[in-house]
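# Structural characterization, general
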Amino acid sequence: MPVLGGVDLELERGEFVAVAGPSGSGKSTLLNLLGLLEPSDGGEIWLGSERVSHLGRRAQARARGASIGYVFQSFLLLSGLTALENVLLAARYVGRDRAEARRDALALLERMEVAHRKDHYPTQLSGGEQQRVAYCRAVLNRPPLVLADEPTGNLDDLHAQAILGELRALAAGGHTAVLLVTHRAEGQAGTDRVLYLSGGRLTSHPPAPVA
Amino acid sequence: MKLGDFLPRGYAFTVIGITVGMAGLVSLGAMAERITRFIDGGDRFVLGQISVAGEGMGMGTGFTAGGLLPAAKITEIAAVPGVSGVQAQVMLPFNTSTSSFLTLTQELIMGMDLSVPIPNRHYRELPVSSGRPLRSGDRRVTVLGADFAASRHLAAGGTVTLAGQEFSIVGILDKTFTAPDRFALVPIEDARELWLRRDPLLVQAFGAGSLRRGDLNTGAAVGWRDGEDPDALARRIQATVKGLNVTIPGELSKLLRQSTAFFSALLLGMGALGLLIGGLSLANTVTAAVFERIRDFGIKRALGATDLDLLGEVLGEGLRVSLWGGVSGVVLALAIGTAIDARLLRDGQQLFLFSPRLLTFALVFSVALGTLAAGYATLRIARLSPAEAIRRGT
């Protein structure tokens, strides 16, 4: 059964766009497709001037590493790696200079106020700290696209606002487009656009309430 | 770099699992090696010489069962064409109780005529690990087999009582893992004296004047000239010299192999069982460990890892984990085997033989199978999309 159909979405660098919709509407599927985490049955996905949806597995993997950052609801940090190692994982597969990547990672952790926890393992970190580490990992390579799937879903309000603030600032930097999937109304505040996913279609208007 | 850095984090239980499997495999293998070496050693010995004894069913003649072998017979044997040398021997059981008679664990006092070279082609000499070998002209001295000495905490320079007589220990034999490990080698004249002291019937016969000292032999080892067929020569001796029990080396080897067929089958079973249990345990443990990390692989692929990147990482980890498990398993098996053997050595026994070839095989087997299992699991996981891998692993 097709989950999505008639989705036509274009993101510009510097844009901060939210996708809203009820549970099961296909928000996460949309993000997985755009992030090349799931193969699509049809359609096209372009990243800059490259049609990435039709690339081979190896080229898609390289595109994911170099051009797309992910922030997931459940953080998805590797339990066997420290906070710093988790961040550096993003640099491992794109051939970055290790010393330079380490410098950038430490600077990011410093800015996100978790540098003092860099040698701790995820199980030793709070939810807010884990999400900040995950955010550092997502932006380490300065990707042109960051996809955030309910990034505040497991956070208290204070930490949720902090992460949303970072994503907003990231887009405002002008280098990166941020696509945020959220069901929280406050998450949509401050975005440039809010899109609604319903019945597999993406629209700029909220769906009409069911009578 | 610390030693712990070499072990990927989170693999402790995997390593423990492999350790147990490999310890089982190595222990079974070491027992099989021990029995194999014993049987092969015996086979090598009987194929290296023709053993002869006098006709009859004399007691106390070790594995050259038969009657007395008088000096005249030895002279006749030496004259048979193709014979290169004959060494008279006296074999006496160390313990005369019938319960240890002619068993695999029997300890023997072996008197050797040191005036002639050892004719056995596979044991031209019996090397010593300490002290010196027996020499022509020695009296009241002995060289002890490794197990014989170890079970009694004896060393070169000490003394031992053989059949009520005190002997100086001048050497300890290298371990052979076969019969000589339980021998006490003495000059043949000393052995003849011990025999006379033990056997009242023999004293009567000796006293009647029908026997001379040189006639007191329980058997002889016969060597053959280069190019001679030992089986044919054995039959020639049997036909030429009357009143002998002659063992045909080929037939005795066959007989030995037949009598140890049960052990050979046991070995095969133990080896197969060890490989199966150890192999399954290792492959299952490594595969399960990789499948447990399916979510990690999904995340890594989301971060740009290609199939080849993952395969390289997993093979590297599989290699390290298998090596850790393999080495730990070997160490565990060595510890258990050594502890058990230390206990058994009191009775002059050794159950395990951790040969270099066994340990090398165990490590190579562990690493190869572990890496193979890790590679197989990774290829299975690589078929999944990153999102699917993350979903399944969460």
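Residues numbered from 1 in each chain as written. Chains lettered and ligands numbered in written order. Predicted model: local features only at pLDDT ≥ 70, side-chain atom pairs only at ≥ 80, totals over all residues. Heavy atoms only, no water.

Each helix and strand in chain A was counted, giving 7 helices and 8 strands. Burial status across chain A gives 51% buried among its 211 residues. In chain A, the share of contacts with a sequence separation of at least 24, taken over all contacts with a separation of at least 6, comes to 72%. Here chain A has roughly 10,200 Å² of accessible surface; of this, 51% comes from carbon and sulfur atoms. (Helix = DSSP H or I, 4+ residues; strand = E, 2+ residues; numbered from the N terminus. Buried < 20%, exposed > 50% of the residue type's maximum accessible area, 1.4 Å probe, protein only. Contact = heavy atoms within 4.5 Å. Areas by Shrake-Rupley, 256 points an atom, 1.4 Å probe, with all protein chains shown as cover.)

Bringing the environment of A:L37 into the picture now. Within the fold, A:L37 resides in the loop between α1 (27–34) and β2 (46–47). Counting along the chain gives 27 residues from A:L37 to A:R64, while the straight-line C-alpha distance between them is 8.4 Å. Sequence-distant contacts of A:L37, that is, excluding residues within four places in its chain, are made with A:N32, A:R64, A:Y70, A:F72, B:A302, B:S385, B:P386 and B:A387.

This next bit is on unusual backbone geometry. Even without being a glycine, A:F75 presents a positive backbone phi close to 65°. Relative to the elements of secondary structure, A:F75 occurs in the loop between β4 (68–72) and α3 (83–92). Unlike most non-glycine residues, B:R140 shows phi in positive territory, near 55°. Here B:R140 is to be found in the loop between β4 (128–131) and β5 (141–144).

A word on the confidence of the model for chain B. Residues and elements named next belong to chain B. Per-residue pLDDT for chain B averages 85, and the proportion of residues at 70 or more is 91%. Mean pLDDT across the secondary structure elements of chain B bottoms out at helix α5 (residues 200–207), with 70, and peaks at β5, with 96. Low confidence marks residues 59–64, where pLDDT is under 50. Its contacts with residues over four positions away, or in another chain, come to 20 contacts. Note on the complex model: pTM 0.66, ipTM 0.91. (pLDDT = per-residue confidence, 0-100.)

If you look at the biggest cluster of nonpolar residues, it comprises 103 residues, and the most contacted ones within it are A:V19, A:L109, A:V133, A:Y135, A:L147 and A:L167. Discounting residues that sit within four places of it in the chain, A:V19 has contacts with A:K27, A:L30, A:L179, A:L180, A:V181, A:T182, A:L195, A:L197 and A:L202. B:L144, B:A149, B:I172 and B:A220 belong to the second largest nonpolar core, which has 40 residues in total. (Core = buried A, V, L, I, M, F, W, Y, C linked by side-chain atoms within 4.5 Å.)

Below, the discussion takes up a nonpolar patch on the surface. Nonpolar side chains collect at one region of the surface, where B:L273, B:L276, B:I277 and B:L280 lie side by side and expose about 410 Å² of accessible area between them. Inspection of the secondary structure puts B:L276 in helix α8 (residues 261–292). (Patch = residues over 30% accessible without salt bridge, like charges linked within 9 Å, V, L, I, M, F, W, Y side chains within 5 Å. Salt bridge = Lys/Arg side-chain N within 4 Å of Asp/Glu carboxyl O.)

Take the sheet that holds strand β8 (residues 201–203) of chain A next. Residues and elements named next belong to chain A. Taken together, the 6 strands give an open sheet; going across it, the order is β4-β5-β6-β1-β7-β8, and neighbouring strands pair in mixed fashion. Edge positions in the sheet fall to β4 and β8, since each of these pairs with one other strand and no more. Neighbour to neighbour, the strand axes of the sheet diverge by 20° on average, direction disregarded. The sheet contact formed by strand β5 (residues 145–149) and strand β6 (residues 177–181) spans 5 bridges and is parallel. Pairing of L145 across the sheet is with A177, part of β6. Packed onto the sheet, helix α2 (residues 57–67) meets β4 and β5 and runs at close to 75° relative to β4. (Pairing = 2+ DSSP bridges. Axes fitted to C-alpha atoms, helices over the stretch in contact; angles between N-to-C directions.)

Let's shift gears to the side chain of A:N32. Checked against the element boundaries, A:N32 lands in helix α1. Ignoring anything within four residues of it in the chain, the contact list for A:N32 reads A:L37, A:E38, B:A387 and B:R391.

Looking now at the packing of α8(B) against helix α11 (residues 356–382) of chain B. Residues and elements named next belong to chain B. Running from N to C, α8 and α11 cross one another at 40°; their axes reach a closest spacing of 8 Å. With respect to α11, the element α8 is oriented oblique. The crossing of α8 and α11 is right-handed. Taking contact as the criterion, the partners of L275, G278, G279, L282, A283, V286, T287, V290 and F291 in α8 are, on α11, F361, F365, S366, L369, G370, A373, A374, Y376, A377, T378, R380 and I381. Taken together, the residues of the contact of α8 with α11 break down into 14 nonpolar, 6 polar and 1 charged. (Parallel < 35°, antiparallel > 145°, perpendicular 65-115°, else oblique. Left-handed = near helix turned anticlockwise from the far one by under 90°. Nonpolar A, V, L, I, M, F, W, Y, C, P; charged D, E, K, R; others polar.)

Turning next to the interface of chain A and chain B. With 23 residues of chain A at the interface, the matching set in chain B holds 24 residues. Summing both partners gives a buried area of about 2,000 Å² for chain A against chain B, and 55% of it is carried by carbon and sulfur. Interface area lost by chain A to chain B is led by A:R57, A:L76 and A:Y93, which between them contribute 30%. Its salt-bridge partner being B:E313, residue A:R92 comes within 2.8 Å of it at the nearest N-O pair. On the surface where chain A and chain B come into contact, there are 10 residue pairs in polar contact (both at pLDDT 80 or more). Where the side of chain A that touches chain B is concerned, the elements lending two or more residues are α2 and α3 of chain A. (Buried area = accessible area lost by both parts, 1.4 Å probe. Polar contact = N/O pair within 3.5 Å; in protein donor to acceptor, adjacent residues only side chain to side chain.)

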